[in-house]
Amino acid sequence: IPFFSGIFLVKFVLMGKTIIIGAGGQIGTELTLALRNQYATDQIIAADIKEVAPTLIQDGPYVQMDILNRDAVRSYIIDNQIETVYLLAALLSATAEKNPDFAWKLNMEGLFTILDLAKEGYVKKIFWPSSIAVFGPTTPADNTPQHTVMEPSTVYGISKQAGERWCEYYYNKFGVDVRSIRYPGLISYKSPPGGGTTDYAVDIFYKAKQEGKFTCFLSKDTALPMMFMDDAIRATIQLMDAPASRLRIRSAYNLGGISFTPEEIASSIKNHLPSFEMTYEPDFRQAIADSWPNSIDDSYAQADWEWKLGFDLERMTEVMLKNIQ
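These lines cover the structure that appears in this document, whether it is placed above or below. (Residues numbered from 1 in each chain as written. Predicted model: local features only at pLDDT ≥ 70, side-chain atom pairs only at ≥ 80, totals over all residues. Heavy atoms only, no water.)

**Quick word on the sheet that holds strand 6 (residues 82-87)**
As a reminder of what qualifies: The rule for pairing is simple: two strands pair if DSSP sees at least two bridges between them. In this text, helices come from DSSP runs of H or I with a minimum length of four residues, and strands from runs of E with a minimum of two, each type numbered from the N-terminal end. Any pair of residues with heavy atoms lying within 4.5 Å of one another is described as a contacting pair. With axes taken as lines fitted to C-alpha atoms, and helix axes fitted only over the stretch in contact, angles between N-to-C directions fall between 0 and 180 degrees.
Taken together, 6 strands build an open sheet; the order of strands is 5-4-3-6-7-9 and the sheet is parallel. A strand with exactly one partner marks an edge of an open sheet, and here the two such strands are strand 5 (62-64) and strand 9 (178-179). As defined by bridge partners, strand 3 (residues 17-21) adjoins strand 6 across 5 bridges and the pair is classed as parallel. Along strand 6, the bridge assignment pairs Ile20 with Tyr86. Helix 2 (residues 70-79) contacts strand 3, strand 4 (44-48), strand 5 and strand 6 of the sheet and is inclined by roughly 140° relative to strand 6.

Listed below in structure tokens is the structure:
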């Protein structure tokens, strides 16, 4: 972590360059900022399909990149001697259900491109995000264990489960250093959500500040694991910095967070904005949410790389409402 000595900000120097593919997304934006804060900015390359870098990450190198253009991706990574890849480009749960063929293509083909680069020795380390979507209606819903039944019922979940198996296979077969986290729902004020079922827990804060009311697309008692983005980014960097010898999981680590219902987050907001009103109109996303766990056991992450949650519901609510304009 960067530290101050007098008035000088000291940053660590990486041996090789890092690229974040999907840097314009919800996770990618904040991960880019965090890595550039920790390491020399010119060593952290942001890449996204957008022609121009999002405003928040325009302080460093940026390249327009389509992860489905395998030849172009390979050439860029090889020519620029990229050693670490964060592959975040994906179509999320709710959006994927509307376009399943493209979701499978995007979520899987990009992963193979990066895994093959590592197998060939060009890339030294990979981060690829998984999700609680790998679980399904037959998975134990409460305190879901690291190793359990996984029968996902969404295109997104199927692609993430398949990706986990391929990551583990490339590690066991070829020694590829690939690391992954099963993210819960992520909540942030710095970047917009990207089409996930848990996005209500982001949008609710904007509507609370702007309109004083919110209509939720999930029922009031739908409990889901969530996490403030600062915790998710910290977990990601901690996992990538952990010694390989300590990591027992090469599919994806469970990552717990704050499990709450729409009714509970609405109550937390009302502690700050007493006039806030919440109504409920469940749609197709309710069935997706019903297939996911209520809470997650992340004891493997705690033991292997000393993971510890930082934000509870009240602290997260306070920070979100303070920073959303």
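Let's pick the thread back up.
**Overview of the side chain of Ser268**
What counts, and what does not: For each residue, the accessible area found with a 1.4 Å probe, counting protein chains only, is set against the maximum for its type, and the residue is called buried under 20%, exposed over 50%, and partly exposed in between.
Within the fold, Ser268 resides in helix 8 (residues 262-270). In this structure Ser268 comes out as buried when scored by relative accessible area, which is 4%. When sequence neighbours within four positions are dropped, the list of residues in contact with Ser268 reads Leu313, Glu314 and Thr317.

**Side note on the pairing of strand 13 (residues 224-228)**
Residues in a regular strand project their side chains so that they alternate between the two faces of the sheet. In terms of residue burial, strand 13 counts as a mostly covered element, since 5 of its 5 residues are buried. Side chains Leu224, Met226 and Phe228 of strand 13 all project onto a buried face; the interleaved residues Pro225 and Met227 project onto the opposite face, where all are buried too. Examined bridge by bridge, strand 11 (residues 185-187) and strand 13 share 3 bridges and lie parallel to one another. Bridge pairing in strand 13 links Ile187 to Phe228. Alignment of strand 13 against strand 15 (residues 258-260), held across 3 bridges, turns out to be antiparallel. Opposite Pro225, over in strand 15, you have Ser259 as the bridge partner.

**Topic: a negative patch on the surface**
Convention followed: Residues form patches when they are more than 30% accessible in relative terms and have no salt bridge. Like charges link within 9 Å. Nonpolar side chains (Val, Leu, Ile, Met, Phe, Trp, Tyr) link within 5 Å. Residue burial considers only the protein chains on display, and all accessible areas are found by Shrake-Rupley using a 1.4 Å probe. Between Lys or Arg on one side and Asp or Glu on the other, a salt bridge is scored when a side-chain nitrogen of the former is within 4 Å of a carboxyl oxygen of the latter. We score Asp and Glu as negative and Lys and Arg as positive, and we do not count His or the chain ends. Charge coordinates come from a single atom per side chain, which is NZ of Lys, CZ of Arg, CG of Asp or CD of Glu.
A cluster of acidic side chains, namely Asp221, Glu263, Glu264 and Asp290, defines a negative patch on the protein surface. Tracing the sequence through the fold places Asp290 in helix 9 (residues 285-290).

**Side note on the packing of aromatic side chains**
Which entries qualify depends on this criterion: In this analysis, rings of Phe, Tyr and Trp, with Trp reduced to its six-membered ring, are considered paired at centre separations within 6.5 Å, and the interplanar angle assigns stacked below 30 degrees, edge-to-face beyond 60, and tilted for intermediate values. By definition, being over a ring means that NZ of Lys or CZ of Arg is both within 6 Å of the ring centre and within 35 degrees of the ring normal.
For the structure shown, the criterion picks out 12 aromatic pairs. Ring geometry for Trp166 versus Tyr170: centroids 6.4 Å apart, planes at 65°, classification edge-to-face. Residue Trp166 and its partner Tyr170 are located together in helix 5 (residues 155-174), separated by 4 residues, close to a single helical turn. Here a set of aromatic residues connected by ring pairs shows up, and it is made of Phe112, Trp166, Tyr169, Tyr170 and Phe174. Against the face of Phe311 rests Arg315, its NZ or CZ located 3.9 Å from the ring centre.

**Regarding the pattern of salt bridges**
A side chain with one charge may pair with a side chain of the opposite charge, provided their charged atoms come close. By the definition in use, this model includes 15 salt bridges. For Arg246, the salt bridge identified is with Glu306, shortest N-O distance 3.8 Å. Of this pair, Arg246 sits in the loop between helix 7 (229-241) and strand 14 (253-254) while Glu306 sits in the loop between helix 10 (299-305) and helix 11 (313-323); the two residues are 60 residues apart in sequence, bridging distant segments of the chain.

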